[in-house]
Amino acid sequence: MQIRELTIPDSYEITPKQFGDDRGVFLEWYRFDRLEETIGHPLSLAQGNTSVSKRGVVRGIHFADVPPSQAKYVTATHGAVMDFVIDIRVGSPTFGQWDSVLLDDTDRRAIYISEGLGHCFIALTDDATVSYLVTSTFNAGREHGINPLDGDVALDFGMDADQLLLSPKDTDAPSLAEASASSLLPTWDEARAYYDSLNKGN
């Protein structure tokens, strides 16, 4: 597999090598050792999640308190989504910026999103099925959101606004500026300190 760092530090695109024949296709979509070589520590996986979405569904922007937050390894097992990583770490050199990876059942890429980063995706097909491996179990009190339609973040969903389907939880979430003003966001220093602690524990 090939691993490429995205423009947002501590996030990566993973492209597996696929082996096809007249029976179908085989691939390794997750390799703990290759990822550990890249990020400096092993993932301690705690939970696996799957979501199935109609075309136009937007999920996110979601994040969790640091520490421990929640690192995510995400792939699409059916259909296609555009997956976004958003730098919400106050003080980061790329604060407020984002990058994206097309996850689909053709190239079968994955994206790794480290702790403290925001995550969002839009379903490009009906029945888009996304699977996540995550490093901590869900804790409602530590989970937060940013409005995915925030004009300052300006995610490019590639669809008209009337084609988007969002939950009230996501549309009621604060903007990035509001979340920052209320000290809801992780900081760059907090995130770096947590990454260092994981690397030292390796």
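Remember, predicted model here, so these are calculated numbers, not experimental data. The numbers attached to residues start from 1 for each chain and follow its sequence in the written order. In view of the model being predicted, local features appear only for residues whose pLDDT reaches at least 70, and side-chain atom pairs are presented and counted only at 80 or more, with totals across whole chains, interfaces and linings using the full set of residues. Processing note: side-chain calculations cover all non-hydrogen atoms of the structure and skip hydrogens and water entirely.

Looking at the environment of A177
Mapping A177 onto the fold places it in helix α3 (residues 176-181). Looking at A177, the relative accessible area reads 47%, which means it is partly exposed. As a C-alpha pair, A177 and D152 span 25 residues in sequence and 8.2 Å in three-dimensional space. Helix and strand definitions follow DSSP, with helices as H or I runs of at least four residues and strands as E runs of at least two, each counted in order from the N terminus. Only protein chains enter the accessibility calculation, which uses a 1.4 Å probe. A residue is then buried if its area is under 20% of the maximum for its type, exposed if over 50%, and partly exposed in between.

Topic: helix α4 (residues 188-200)
What a helix is expected to span follows from its residue count: subtract one and scale by 1.5 Å. When the terminal C-alpha atoms of α4 are compared, their 18 Å separation across 13 residues agrees well with the 18 Å that a helix rising 1.5 Å per residue should span. Residues W188, A191, Y194 and Y195 constitute the buried set of α4. Looking down the long axis of α4, one finds its buried residues gathered within 135 degrees of arc, a one-sided arrangement. Projecting away from the buried face of α4 at angles above 90 degrees are the exposed residues D189 and K200. What the arc covers is the set of directions going from the helix axis to the C-beta atoms.

Quick notes on the pattern of salt bridges
When a carboxyl oxygen of Asp or Glu lies within 4 Å of a side-chain nitrogen of Lys or Arg, that pair is called a salt bridge. Inspection of every chain in the model, using the stated rule, returns ten salt bridges. Two residues, D10 and R192, come together in a salt bridge whose shortest N-O distance is 2.5 Å. In this pair, D10 sits in the loop between β1 (2-5) and β2 (11-15) while R192 sits in helix α4, placing the two residues 182 residues apart along the sequence. Residues R23 and D21 are paired through a salt bridge, measuring 2.6 Å at the closest nitrogen-oxygen approach. Owing to a relative accessible area of 75%, R23 belongs among the exposed residues under this scheme.

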